[in-house]
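Coordinate inspection notes
Listed here are the chains, written in short residue letters.
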Amino acid sequence: MEQITGADLFVKALKEEGVDTLFAYPGGQAIDLFDALYGEEKIDVILPRHEQGLVHAADGYARSTGKVGVCLVTSGPGATNLVTGIATANYDSVPLVCFTGQVPTHLIGHDAFQEVDIVGITKSISKYAVTVREREELAETIKKAFYIAKTGKPGVVVVDLPKDIQRAYGSDCYPREMMCRECKPDPSVHMGQLHKALDILNQAQKPVFLIGGGVKIARAKKEMTQLAELTGVPVITTIMGKGAIPTTSRLYVGNIGIHGSYAANAAISNCDVLFAIGTRFNDRITGKAEKFAVNAKIIHIDVDAASISRNIEADIPVAADAKKAICALLEKAEPLSISEWKNKIEWWKKEYPLTMGEAGLTPQKIIQSINEMFKDAIVAADVGQNQLWATQFLAMEGDTQMLTSGGLGTMGYGFPAAIGAKLGNPQRDVIVISGDGGMQMNVQEMATAVVYELPIIVCILNNGYLGNVRQWQEMFYDRRYSSTCMRYRRSCETGCNKPGHRCPEYTPDFVALAESYGAKGIRVTKAEEIKKALNRAKQNTKTPTVIEFIIDREANVMPIVPPGNAIDDMILERENKGK
């Protein structure tokens, strides 16, 4: 048995866990860890330009590869800059292990320079958080961290490493197996509950599957598609569940929720059996909860027992991994004779299609061009109107993936997540769909993408507003555009709510900004320029390409369920632009 430092054991542990990519930013209380990593050939250490960009990149890497994403930062601000990314990933059940440097143990609690209680700060937004207090605990703690992050319902684990623990000598042994008995979830599926669920499903006249992100996290897309085709039951998805079956499937209805399709929301509101797998039933899905699927028997399968009946009461609860439950269902399920119900849903889809309709350069046309020109791409959508248009119009077939912040709704997520996805999937096309507001939140990561030679295609839908909030201000706040105009200058008139030709120039110039970083920049103002720009971006294989699409400044995401309404009470079309 050899005696090595805690820092050297840290590096050994990463290699034992199969970590090939580490997103890391150095600092005083982590310098020993970085010193131990110096010259290490088996781990690619990626240096982003900000810790928030770093953790979002680790998140995108994890979502796109199925591996655990790993971060390393220093204490104090280095650690606190991870907080938003930790909450983002944990909310969406992304497996991350975040290592933070910490002041020496004898200084903890004494207001030392760059000391923060990162474990206390993150305990409520992570799956597990711990400070290593003894060198002898280091190996087991790291092993436990990786196990907890990826087992059961995945999530974020924070491991705080004091400087003296990094320097202390101890055993070089790293455990091969996890010894924590209480950490191990029950892998079995309760067949009695599944039989009850199938009995109810087989009696249904108007059933639907509601599929959430849990099915994709469980890597059960193939099995879910088989189950839908076997039973013939229509499939509705949450935003996070989109892609659980191909969007071209005859059984796919659309997304549910406040910006869901008319057919999906109507089907949920009129079904007699709602078979939900891997969803939390949050408020953006349900609308007014007491009016949600009121005529339906509800079956709810989720790996997290605490999520079942938390928001919507389940008649048949099943706590199980989505993939294991679906595989068990495939052994027993039968085709259903529900042609009348499926015809009704098809009529809703044809009568009330998702379409923007306007002439000119629209987000729908941009995303449909992406669908046509890129197959099996990874698309990282930011948050806001751009995200909602992406979830409405992006085609999800084959290995196409969509990465986005669902639960927390974090602006600035899309671009750094795409960097992580490209690093984890260098042979695949990676595309960002972002708004102009969200793009500026982590635009410094353009340097990261350039220095690591990542040919990511960044599509900025620039309407000059924080568009999602502006839309609500237009529709529900009498067009009082408060703090949402991104062209605002101090010299502008007060109370402006009508964009026009006198508006100031937009800041920044995204094309010039991209070029200043060493990326390529393209501006598109007409629909006929979309494919030409995307083709130019495809040819650029060494640096990112930023395509700024200048869209209608008051373009809206429709349909919309007004706040407090049931999901079948939708506004389908914009009544008046107020121009």
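Quick caveat: nothing in here was measured; it's all calculated off a predicted structure.

**Some thoughts on the overall build of the protein chain**
Scanning the protein chain from terminus to terminus reveals 23 helices and 20 strands. The globule rule puts the C-alpha radius of gyration for 579 residues at 25 Å, and the 25 Å found for the protein chain is close to it. Split into buried and exposed, the 579 residues of the protein chain put 57% on the buried side. The long-range share in the protein chain, meaning contacts at least 24 apart out of those at least 6 apart in sequence, stands at 75%. Of the roughly 24500 Å² of accessible surface on the protein chain, 48% is carried by carbon and sulfur atoms. Of the charged side chains in the protein chain, 64 are positive and 67 negative; the average position of the first set lies 5 Å away from that of the second.

**Some thoughts on the pattern of salt bridges**
Going through the model one piece at a time under the given rule, you end up with 18 salt bridges. For arginine 167, the salt bridge identified is with aspartate 32, shortest N-O distance 3.3 Å. Taken together, the residues arginine 167 in helix α8 (residues 163–167) and aspartate 32 in helix α2 (residues 31–37) connect sequence positions 135 residues apart. Residue glutamate 346 pairs with lysine 349 through a salt bridge whose shortest N-O separation is 3.5 Å.

**Thoughts on the packing of aromatic side chains**
Inspection of every chain in the model, using the stated rule, returns 11 aromatic pairs. Measuring from centroid to centroid gives 4.9 Å for phenylalanine 10 and phenylalanine 99, while their planes differ by 90 degrees, and the two rings are edge-to-face. On the criterion of sequence distance, the pair formed by phenylalanine 10 in helix α1 (residues 6–16) and phenylalanine 99 in strand β5 (residues 96–102) is long-range, its members being 89 residues apart. For the pair phenylalanine 10 and phenylalanine 99, one class covers both residues: buried.

**Here we look at helix α22 (residues 510–517)**
Residues that lie three or four places apart on an α-helix share one face, since the helix turns once every 3.6 residues. Of all the residues in α22, the buried ones are Phe510, Val511 and Ala514. Buried residues in α22, looked at end-on, bunch into an arc of 105 degrees, giving them a common side. Contacts from the buried residues of α22 go to α19 (436–439), β18 (457–462), β19 (520–524) and β20 (545–550). Taking the backbone nitrogen of valine 511 as reference, a side-chain oxygen 3.1 Å away marks aspartate 509 as the first, capping residue of α22. Positive phi appears at glycine 518, one or two residues downstream of α22, with a value of about 100 degrees.

**Section: the side chain of threonine 279**
Along the chain, the position of threonine 279 falls in the loop between β12 (273–277) and α13 (283–286). Within polar-contact distance, the side chain of threonine 279 engages the backbone nitrogen of phenylalanine 281 at 3.3 Å.

**Section: the sheet that holds strand β6 (residues 128–131)**
In a beta sheet, neighbouring strands pair by backbone hydrogen bonds and run either parallel or antiparallel. What the 6 strands build is an open sheet, ordered β3-β2-β4-β5-β7-β6; its pairing is parallel. Each edge of the sheet is formed by a strand with only one pairing partner; in this case those strands are β3 (44–46) and β6. Adjacent strand axes in the sheet meet at a mean angle of 20 degrees when their direction is disregarded. Where helix α3 (residues 51–65) meets the sheet, it contacts β2 (21–24), β4 (69–73) and β5, and its direction lies at approximately 165 degrees from that of β4.

**Regarding unusual backbone geometry**
Following threonine 507, the chain continues to proline 508 via a peptide bond in cis, the omega torsion being 5 degrees. Structurally, proline 508 can be placed in the loop between α21 (467–476) and α22. Cis rather than trans, the peptide bond between methionine 558 and proline 559 has omega equal to 0 degrees. Within the secondary structure layout, proline 559 lies in the segment after β20. A positive phi is found at glutamate 453, a non-glycine position, where the angle reads about 55 degrees. On the secondary structure map, glutamate 453 appears in the loop between α20 (446–451) and β18. The exposure class of glutamate 453 is partly exposed, given its relative accessible area of 47%.

**A few points about the pairing of β2**
Side-chain direction in a regular strand flips from residue to residue, so the side chains alternate between the two faces of the sheet. Side chains Thr21 and Phe23 project from β2 onto one buried face, and the interleaved Leu22 and Ala24 project onto a second face that is buried too. Note: β2 against β3, 3 bridges, orientation parallel. Paired with phenylalanine 23 across the strands is isoleucine 46, a residue of β3. Crossover handedness for the path β2 to α2 to β3: right-handed. Here β2 runs beside β4; their pairing, made up of 2 bridges, is parallel. By the bridge assignment, alanine 24 is partnered in β4 with leucine 72.

**A closer look at the environment of leucine 198**
Structurally, leucine 198 is set in helix α9 (residues 191–202). In this structure the C-alpha to C-alpha distance between leucine 198 and asparagine 81, which are 117 residues apart in sequence, comes to 47 Å. Sequence-distant contacts of leucine 198, that is, excluding residues within four places in its chain, are made with Leu329, Lys332 and Ala333.

**A look at a negative patch on the surface**
On the surface, Glu134, Glu136, Glu137 and Glu140 cluster together into a negatively charged patch. By the secondary structure assignment, glutamate 136 is in the loop between β6 and α7 (138–150). Taking relative accessible area as the criterion, glutamate 136 reaches 66% and is therefore assigned exposed.

**Considerations on the sheet that holds strand β16 (residues 401–403)**
The 6 strands are arranged β16-β15-β17-β18-β20-β19 in an open sheet whose pairing can be described as parallel. Whereas interior strands pair on both sides, the edge strands pair on one side only; in this sheet they are β16 and β19. The mean angle between the axes of side-by-side strands here comes to 20 degrees, regardless of whether they run parallel or antiparallel. As judged from the 5 bridges shared by strand β17 (residues 430–435) and β18, these two strands associate in the parallel manner. When the sheet's bridge partners are listed, serine 434 is paired in β18 with isoleucine 460. The strands touched by α3 are β15 (378–381) and β16; relative to β16, the strand with the most contacts, the crossing angle is about 155 degrees. On top of the sheet, helix α18 (residues 414–424) reaches β15, β16, β17 and β18; it is set at about 175 degrees to β17, its chief contact.

Basis of the calculations
Chains are numbered independently. Their residues run from 1 in the order of the written sequence. Restriction of local features to residues with pLDDT of at least 70 applies here, the model being predicted, together with a cutoff of 80 or more for giving and counting side-chain atom pairs; totals for whole chains, interfaces and linings are based on all residues. Side-chain numbers come from the whole structure's heavy atoms, not from hydrogens or water. Elements are defined by DSSP. Helices are runs of H or I of four residues or more, strands are runs of E of two residues or more, and each kind is numbered from the N terminus. C-alpha atoms define the radius of gyration in this analysis, and the globule rule sets the expected value at 2.2 Å times the number of residues to the power 0.38. Buried, partly exposed and exposed residues are distinguished by accessible area as a fraction of the type maximum, computed with a 1.4 Å probe on protein chains only: under 20%, between the cut-offs, and over 50%, respectively. We call two residues in contact when some of their heavy atoms are within 4.5 Å. Note on areas: these come from Shrake-Rupley sampling with a 1.4 Å probe, and a residue is covered only by the protein chains present in the view. Counted charges follow a simple rule, with Lys and Arg positive, Asp and Glu negative, and His plus the chain ends left uncounted. Each charge is placed at NZ for Lys, CZ for Arg, CG for Asp and CD for Glu. Salt bridges are defined as contacts in which a side-chain nitrogen from Lys or Arg sits within 4 Å of a carboxyl oxygen from Asp or Glu. Stacked, edge-to-face and tilted labels apply to pairs of Phe, Tyr and Trp rings (six-membered ring for Trp) whose centres lie within 6.5 Å, assigned for plane angles under 30 degrees, over 60, and everything in between, in that order. To obtain the arc, one takes the directions from the helix axis to the C-beta atoms. Counting of polar contacts relies on pairs of N or O atoms within 3.5 Å, with two restrictions inside protein: one atom must be capable of donating a hydrogen and the other of accepting it, and residues adjacent in sequence are counted only when both atoms are side-chain atoms. For two strands to be treated as a pair, DSSP must find no fewer than two bridges joining them. Simply put, an axis is a line fit to the C-alpha atoms, just over the touching stretch for a helix, and the angle between two N-to-C directions goes from 0 to 180 degrees. With the strands aimed away from the viewer, a crossover counts as right-handed if its path from the first strand over the helix to the second runs clockwise. Each patch is built from residues lacking any salt bridge and having more than 30% relative accessible area; the joining distance is 9 Å for like charges and 5 Å for nonpolar side chains (Val, Leu, Ile, Met, Phe, Trp, Tyr).

This is a description of form; function is not addressed.
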